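Results of the structural survey
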Amino acid sequence: LPYNCNDGLSMMDAWSISKKAYCCENANRGCTTTQAPTVKPKPRPPTYPPTVPPTPPPLPYDCNMGVANWAVSWSDAQKAWCCAHGGPGCATPAKVCTLWGDPHIISFDQ
């Protein structure tokens, strides 16, 4: 044995660090009686309420308001916007008639 763990029991404070370690591990003598430092648990991160998506901005035009009279009551900008976004407001396309292979635009009622 490298150390006699029964020798000098009354003077363990004078033992070398290596003798204390050896005797503590092998003979349960010379162990320090200090308590291990207490480890504080890590604080939990704060919980936040779920994020609500932002409210989308309002549409520039209401394509359902005044739809019965849109051709005369809406501005050109509203007509263009509503037409581009799938609503009313598109001018009635001219009808095309093909006579003898030539396309002709018909702007009158047939």
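Scroll up for the structure.
Worth saying up front: this structure is predicted, and the values here are computed from it rather than measured.

1. Thoughts on the overall build of the protein chain
Within the protein chain, the regular secondary structure consists of three helices and two strands. Each helix and strand of the protein chain, placed in order from N terminus to C terminus, yields the pattern α-α-α-β-β. For the protein chain, with 110 residues in total, the buried portion stands at 11%. Taking the contacts inside the protein chain whose residues are at least 6 apart along the sequence as the reference set, 3% of them involve residues at least 24 apart. With an accessible surface of roughly 9,900 Å², the protein chain has 60% of that area assigned to carbon and sulfur atoms.

2. Remarks on the environment of cysteine 23
When you line up the elements, cysteine 23 lands in helix H1 (residues 17–27). In contact with cysteine 23, not counting residues within four places along its chain, are Tyr3, Cys5, Trp15, Asn28 and Arg29.

3. Description of the state of the cysteines
Scanning all chains against the criterion turns up four disulfides. Cysteine 24 shares a disulfide with cysteine 31; S-S distance 1.9 Å. An S-S torsion of about 105° defines the bridge between cysteine 24 and cysteine 31 as right-handed. Relative accessible area serves as the criterion here: at 28%, cysteine 24 is assigned to the partly exposed category. Across the protein chain, the disulfide pattern expressed with sequentially numbered bonded cysteines is 1-2, 3-4, 5-6, 7-8.

4. As for the packing of aromatic side chains
With the rule as written, the count across this model stands at three aromatic pairs. Look at tyrosine 3 and tyrosine 22: their rings are 5.7 Å apart centre to centre, the planes differ by 50°, and that puts the pair in the tilted class. Linking tyrosine 3 in the segment before H1 with tyrosine 22 in helix H1, this pair joins segments that are 19 residues apart in sequence. Aromatic side chains tryptophan 70 and tryptophan 74 sit 6.1 Å apart centroid to centroid with 50° between the ring planes, which places their arrangement in the tilted category. Assessed through its relative accessible area of 21%, tryptophan 70 is described here as partly exposed. Judged by its relative accessible area of 6%, tryptophan 74 falls in the buried class.

5. Comments concerning the side chain of lysine 79
Within the element layout of this structure, lysine 79 appears in helix H3 (residues 76–84). In this structure lysine 79 is buried but unpaired, with aspartate 76 as the nearest side chain of opposite charge at 4.1 Å. When sequence neighbours within four positions are dropped, the list of residues in contact with lysine 79 reads Trp70, Ala71, Trp74, Pro88 and Gly89.

6. Looking at unusual backbone geometry
With a phi angle near 55°, asparagine 28 is a residue other than glycine that sits in the positive phi range. In this fold, asparagine 28 is placed in the loop between H1 and helix H2 (70–73).

Reading guide: rules and limits
- Residues numbered from 1 in each chain as written.
- Predicted model: local features only at pLDDT ≥ 70, side-chain atom pairs only at ≥ 80, totals over all residues.
- Heavy atoms only, no water.
- Helix = DSSP H or I, 4+ residues; strand = E, 2+ residues; numbered from the N terminus.
- Buried < 20%, exposed > 50% of the residue type's maximum accessible area, 1.4 Å probe, protein only.
- Contact = heavy atoms within 4.5 Å.
- Areas by Shrake-Rupley, 256 points an atom, 1.4 Å probe, with all protein chains shown as cover.
- Disulfide = S-S within 2.5 Å.
- Phe/Tyr/Trp six-rings, centres within 6.5 Å; stacked < 30°, edge-to-face > 60°.
- Lys, Arg positive; Asp, Glu negative; His and termini not counted.
- Salt bridge = Lys/Arg side-chain N within 4 Å of Asp/Glu carboxyl O.

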